[in-house]
Amino acid sequence: MDAKRKERQLCRFREQNNMADQINLELMYAVDFNLAHMYQMCKNYTEAINAFTSGCSEGLVGGGGGIAGRRVGVRVTGEAAV
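As the structure is a prediction and not an experimental result, all values here were calculated from the model. (Residues numbered from 1 in each chain as written. Predicted model: local features only at pLDDT ≥ 70, side-chain atom pairs only at ≥ 80, totals over all residues. Heavy atoms only, no water.)

Draft legend 1. Inspection of the packing of aromatic side chains at higher detail. Within the structure shown, the criterion is met by three aromatic pairs. Between Tyr-29 and Phe-33 the ring centres are 6.1 Å apart and the planes differ by 25 degrees, which places this aromatic pair in the stacked class. Here the residue Tyr-29 and the residue Phe-33 both occupy positions in helix 2 (residues 25-41), the gap between them amounting to four residues, near one helical turn. Under the relative-accessibility criterion, Tyr-29 is labelled partly exposed at 25%. An angle of 70 degrees between the planes, with centres 6.2 Å apart, marks the rings of Tyr-29 and Phe-52 as edge-to-face. Of this pair, Tyr-29 sits in helix 2 while Phe-52 is found in helix 3 (residues 45-57), placing the two residues 23 residues apart along the sequence. In textbook terms, an aromatic cluster arises when at least three aromatic residues are bridged by ring pairs, as seen for Tyr-29, Phe-33 and Phe-52. (Phe/Tyr/Trp six-rings, centres within 6.5 Å; stacked < 30°, edge-to-face > 60°. Helix = DSSP H or I, 4+ residues; strand = E, 2+ residues; numbered from the N terminus. Buried < 20%, exposed > 50% of the residue type's maximum accessible area, 1.4 Å probe, protein only.)

Printed below as a string of C-alpha cells:
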C-alpha cells in the first residue's frame, strides 16, 4: 500500500511540474500488480481483484490504448484470483 501511495505522489508531482511525459506506465502497472499479488497471498481475493483492475480503470490496460493496447482479464477460480 505504501508503494501505491508513493507512486501516486510521484505522478502528481510530475503532473504539477510539467513533467507528465515522464510518467512511467510500467511502474504504475507493476505497483498495482504487486499489490494485487500481496492481497492474493493473504487470501483477500476481493481486494486483489480491485487492486489488479485499478490499472484498467486508470486507462493503463485496455480501453484507451494503455500498455500495448491489451485488455487484461481477471477471473476468480476457487481460491485464487488468476
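Draft legend 2. Local environment of the side chain of Glu-7. You can see Glu-7 is positioned in helix 1 (residues 2-16). The contact partners of Glu-7, leaving out residues within four places of it in the chain, are Leu-27, Met-28 and Val-31. (Contact = heavy atoms within 4.5 Å.)

Draft legend 3. Representation of helix 2 in the model. For helix 2, spanning 17 residues, the distance from its first C-alpha to its last is 24 Å, which sits close to the expected 24 Å at 1.5 Å a residue. Those residues of helix 2 not exposed but buried are Met-28, Val-31, Asp-32, Leu-35, Ala-36 and Tyr-39. One face of helix 2 carries all of its buried residues, which in axial projection span an arc of 125 degrees. Looking at helix 2, the residues exposed on the side facing more than 90 degrees away from the buried face are Glu-26 and Met-41. Backbone nitrogen of Glu-26 and a side-chain oxygen of the N-cap are separated by 3.0 Å at the start of helix 2; the cap is Asn-24. Positive phi shows up at Lys-43, right after helix 2, with a value of about 60 degrees. (Expected span 1.5 Å × (residues − 1). Arc of directions from axis to C-beta. Polar contact = N/O pair within 3.5 Å; in protein donor to acceptor, adjacent residues only side chain to side chain.)

Function cannot be inferred from these measures alone, as they are strictly geometric.
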